[in-house]
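# Coordinates in review
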Amino acid sequence: MSVALEIARPRANAKDDTYRTDYLQALRLIERLHRLLLDVIKDEFDRVGGAELNSVQALLLYNIGESELTAGELKTRGYYLGSNVSYNLKKLVDMGYLHYKRSEVDRRSVRVSLTAKGKDACDVVNALYERQLGSIEAVGEVGRSSVQDMNKTLVRLERFWSDQIRYRL
C-alpha cells in the first residue's frame, strides 16, 4: 500500500470519542482565546485613552512594529486575521497611525510603517504584554514550559491545517 494512503487512512485514535471531544474543545478555545485577546487589548486602550482604535487595528500596529510592510506581507506573515486589511490600513493612515508610500519597484504596491502616533499605540500593546508576563505564572499558573509546549503544538496544528489547504487533504 502506498505511503500516501497509509497517511490518509484514519487511525483508531482519531475515531476515539474522547480524542474528538478534546480536538473540538481545542478549536473552540483557539477561537475564544483570540476574541479574548482582542477584548483585553481594547480594554487596555479604553483605560489609557486610545478609544479611537479598535483592537484589531491596535494589534495590526503592534505586529507592524519597526517594519515597513505591504498589505500582502501582513497577510502572508499571519499578522492580520481579518478579511479587509486594506480598509483597516486606510483607516489607520487617515487617523495618523501609519505612513504609506508607493513602492519604488512596484508602483501598484503600497508600503506602510508606523508614525510616532502608531509607535505610541504599539507601545501600549507592548506594555500590556510586559505587564502580563510579570503575572501570568503567579496568577494564571502558566509557566514557561507550558507555553513552550503549547507553542510546539500550535505550530504543528498550523502546519497540519496549511497542508490541508495546500495539498487538499
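Please refer to the structure placed before this passage.
Keep in mind that what you see is a predicted model, and the values were worked out from it rather than measured. (Residues numbered from 1 in each chain as written. Predicted model: local features only at pLDDT ≥ 70, side-chain atom pairs only at ≥ 80, totals over all residues. Heavy atoms only, no water.)

### As for helix H6 (residues 85-94)
- Listed as buried for H6 are Val-85, Asn-88, Leu-89 and Leu-92. For H6, the arc enclosing every buried residue in end-on projection is 100 degrees, short of the 170-degree limit, so these residues lie on one face. Relative to its buried face, H6 has exposed residues pointing more than 90 degrees away, namely Lys-90 and Asp-94.
- Along its buried surface, H6 packs onto helix H4 (55-64), helix H5 (71-76), strand S2 (98-102) and strand S3 (110-114).
- Positioned one or two residues after H6, Gly-96 has a phi angle of 90 degrees, which is positive. (Buried < 20%, exposed > 50% of the residue type's maximum accessible area, 1.4 Å probe, protein only. Helix = DSSP H or I, 4+ residues; strand = E, 2+ residues; numbered from the N terminus. Arc of directions from axis to C-beta. Contact = heavy atoms within 4.5 Å.)

### Thoughts on the pattern of salt bridges
- In the structure shown here, the tally under the stated rule is eleven salt bridges.
- For Lys-42, the salt bridge goes to Asp-46, with nearest N and O atoms at 3.5 Å. Highlighted residues: Lys-42 and Asp-46, both in helix H3 (residues 17-48), separated by four residues, approximately one helical turn.
- When the shortest N-O distance is used, the salt bridge between Glu-44 and Arg-47 registers 3.6 Å. (Salt bridge = Lys/Arg side-chain N within 4 Å of Asp/Glu carboxyl O.)

### Brief notes about a nonpolar patch on the surface
- Taken together, the side chains of Tyr-23, Ile-30, Met-150, Leu-154, Phe-160 and Trp-161 make up a nonpolar region of the molecular surface, amounting to roughly 520 Å² of accessible area.
- Of all the secondary-structure elements, those providing two or more residues to the nonpolar patch are H3 and helix H8 (144-166).
- If you tally residues by element for the nonpolar patch, the top one is H8, at four residues.
- Exposure remark for Tyr-23: the relative accessible area of 33% places this residue in the partly exposed category. (Patch = residues over 30% accessible without salt bridge, like charges linked within 9 Å, V, L, I, M, F, W, Y side chains within 5 Å. Areas by Shrake-Rupley, 256 points an atom, 1.4 Å probe, with all protein chains shown as cover.)

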